[in-house]
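Per-entry structural report
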Amino acid sequence: MTRQPRRVCDLLNPAAMLLPAANVVMQLANPGVGYGVLESPVDRGNVYQHPIKRARTTGTYLAAATIGTDTDRALIRAAVDTVHAQVRSGPASPVRYRAFDPHLQMWVAACLYRYYVDCHEFLYGPLDDVSADAVYADARRLGTTLQVREGMWPPDRAAFDAYWNQALAGLRIDPPVREHLKGVAAMAFLPWPVRATLGRFNLFVTTGFLPAEFRAMMQLPWSAGQQCRFGRLLTALRLADQLIPHQVWILGYRLYLWDMRARNRRGQPIV
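I will try to describe carefully the structure that is included in this document. What you see is a predicted model; the values in this text were computed from it and never measured.

Some words on the overall build of the protein chain
- In terms of helices and strands, the protein chain carries 13 helices and 0 strands.
- For the protein chain, the succession of helices and strands along the chain, N to C, is α-α-α-α-α-α-α-α-α-α-α-α-α.
- Compactness check: the protein chain gives a C-alpha radius of gyration of 18 Å against a globular reference of 18 Å for 271 residues, within 12% of the reference.
- Taking all 271 residues of the protein chain together, the buried fraction comes to 51%.
- Pairs at least 24 apart in sequence give 76% of the contacts found in the protein chain among residues at least 6 apart.
- As displayed, the protein chain has an accessible area near 13,100 Å², and 59% of this comes from carbon and sulfur atoms.

Here is the structure:
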């Protein structure tokens with residue numbers, strides 16, 4: 001790999017197409033995030049009802065946060081805020097939450113940072129210290145594009161690791177959230193021909209990409225044979241990364257930004 005990563009988007013590679021469900025599991029393992037998604041009254045953000053729109057919103061947010069301008073980030077912040085304003089716990093909710101909570105958003109941003117790092121590390125191992133520090137500094141916008149305050153983002157990678165390890169102690173995946181996430185991993189929200197063809201494979205790769213503690217919370221078994229097959233998949237992804245120009249991934253993000261800007265000009269909803 002010849003690229004010298006300086007930004008989080010420099011870490012994108014073919015693994016980025018298979019990692020999202022595992023990262024969603026990590027995000028929703030925070031009970032406030034998990035029940036916030038599960039109980040959200042905003043139907044247009046529900047992956048089971050509007051999977052394409054859900055994917056577009058996430059992709060647009062990541063594009064704006066990583067390669068967008070300040071204007072782009074202001075646009076997506078305002079659009080997401082209108083949705084988040086409607087997401088808060090009710091009297092029957094098992095946990096108290098509100099989508100504007102910067103601590104919940106900090107956890108989601110931390111998971112998104114791990115998404116980019118995982119893209120690289122699963123294929124190539126750890127970044128060198130200089131690249132890792134540059135990528136980490138760039139990653140703060142994954143949170144500060146919304147309500148994560150600058151001072152909340154851990155100042156360096158060691159502080160981030162301390163934050164992450166401390167946060168793990170407060171995570172859990174209750175049965176209703178687990179059922180929702182297993183459906184996401186198995187692509188249960190897609191039409192039958194797609195989920196019948198790709199669902200089991202996506203559940204397999206999601207399980208493989210999950211850290212052991214999240215795999216345990218999801219009650220997903222993992223054998224030595226599965227790990228061997230997963231290793232062969234990673235080898236294939238490394239080969240694909242040598243064949244696919246990195247600019248393909250950046251082009252995808254640029255298309256998300258183009259679509260967001262066009263929707264804004266036409267007065268259409270961004271999310």
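Concerning the layout of surface pockets
- A volume near 220 Å³ is recorded for the second largest pocket.
- Lining the second largest pocket are Tyr113, Arg114, Val117, Glu121, Pro126, Leu127, Ala132, Val135, Arg157, Phe160, Asp161 and Trp164.
- Among the residues forming the lining of the second largest pocket, the class breakdown is 8 nonpolar, no polar and 4 charged.

Notes on helix α5 (residues 102–124)
- Under the 1.5 Å per step criterion, the end-to-end length of α5 is 33 Å for 23 residues, consistent within 8% with the ideal 33 Å.
- By the largest-angle criterion, Val117 marks the main kink of α5, which is about 30 degrees.
- The buried fraction of α5 amounts to 18 of the 23 residues, a majority that puts the element mostly inside the structure.
- The residue sitting at the N-terminus of α5 and contributing the capping side-chain oxygen is Asp101; that oxygen lies 2.8 Å from the backbone nitrogen of His103.
- Once α5 finishes, Gly125 follows within two positions and takes phi at roughly 85 degrees, a positive value.

Quick word on the nonpolar core
- Membership of the largest hydrophobic core comes to 80 residues, with the highest contact counts inside it found for Tyr113, Tyr116, Leu142, Phe209 and Phe214.
- Among the elements that line this core, the one with the most residues is α5, at 13 residues.
- Beyond its immediate chain neighbours, meaning those up to four positions away, Tyr113 contacts Val135, Tyr136, Ala139, Leu142, Trp153, Arg157 and Phe160.

Thoughts on the environment of Arg140
- Tracing the chain through its elements places Arg140 in the loop between α6 (129–139) and α7 (141–144).
- C-alpha of Arg140 to C-alpha of Ala65: the two residues are 75 residues apart in sequence and 9.0 Å apart in space.
- If sequence neighbours within four positions are ignored, Arg140 has contacts with Glu150 and Trp153.

Details of unusual backbone geometry
- Although it is not a glycine, Met187 sits at a positive phi angle of roughly 60 degrees.
- Residue classification places Met187 among the buried positions, given a relative accessible area of 17%.
- The phi dihedral of Gln219 falls on the positive side, at around 55 degrees, and the residue is not glycine.
- Mapped onto the elements, Gln219 comes out in the loop between α11 (212–217) and α12 (224–243).
- Take Gln219: its relative accessible area is 52%, and that puts it in the exposed class.

Concerning the packing of aromatic side chains
- For the structure shown, the criterion picks out 18 aromatic pairs.
- Ring plane angle 25 degrees and centroid distance 5.5 Å describe the contact between Tyr136 and Trp153, whose orientation is recorded as stacked. You can see Tyr136 sitting in helix α6 and its partner Trp153 sitting in the loop between α7 and α8 (157–168), a full 17 residues away along the chain. One exposure class covers both Tyr136 and Trp153, and it is buried.
- Their ring planes at 65 degrees and their centres at 5.8 Å tell us that Tyr136 and Phe160 sit as a pair that is edge-to-face. In this pair, Tyr136 sits in helix α6 while Phe160 sits in helix α8, placing the two residues 24 residues apart along the sequence. With respect to class, Tyr136 is no different from Phe160; both count as buried.
- Through pairs of rings, three or more aromatic residues link up here, namely Trp107, Tyr113, Tyr136, Trp153, Phe160, Tyr163, Trp164 and Phe214.

Some remarks on the packing of helix α10 (residues 192–209) against α12
- Contact geometry of α10 with α12 gives a least axis separation of 10 Å together with a crossing angle of 95 degrees. As judged from the angle between their axes, α10 and α12 are roughly perpendicular. In contact with Phe201, Phe204, Val205, Gly208 and Phe209 of α10, α12 contributes Gln226, Arg229, Phe230, Leu233, Leu234 and Leu237.
- Across the contact of α10 with α12, the residue classes break down as 8 nonpolar, 2 polar and 1 charged.

Basis of the calculations
Residues numbered from 1 in each chain as written. Predicted model: local features only at pLDDT ≥ 70, side-chain atom pairs only at ≥ 80, totals over all residues. Heavy atoms only, no water. Helix = DSSP H or I, 4+ residues; strand = E, 2+ residues; numbered from the N terminus. Rg over C-alpha atoms; globule rule 2.2 N^0.38 Å. Buried < 20%, exposed > 50% of the residue type's maximum accessible area, 1.4 Å probe, protein only. Contact = heavy atoms within 4.5 Å. Areas by Shrake-Rupley, 256 points an atom, 1.4 Å probe, with all protein chains shown as cover. 1 Å grid on protein atoms, 1.4 Å probe; cavity = no way out; pocket = protein on both sides within 12 Å on 5 of 7 lines; lining within 4 Å. Points joined across faces, edges and corners; volume = space filled by probe spheres on them. Nonpolar A, V, L, I, M, F, W, Y, C, P; charged D, E, K, R; others polar. Expected span 1.5 Å × (residues − 1). Bend = angle between axes of the 7 residues up to and from the residue. Polar contact = N/O pair within 3.5 Å; in protein donor to acceptor, adjacent residues only side chain to side chain. Core = buried A, V, L, I, M, F, W, Y, C linked by side-chain atoms within 4.5 Å. Phe/Tyr/Trp six-rings, centres within 6.5 Å; stacked < 30°, edge-to-face > 60°. Axes fitted to C-alpha atoms, helices over the stretch in contact; angles between N-to-C directions. Parallel < 35°, antiparallel > 145°, perpendicular 65-115°, else oblique.

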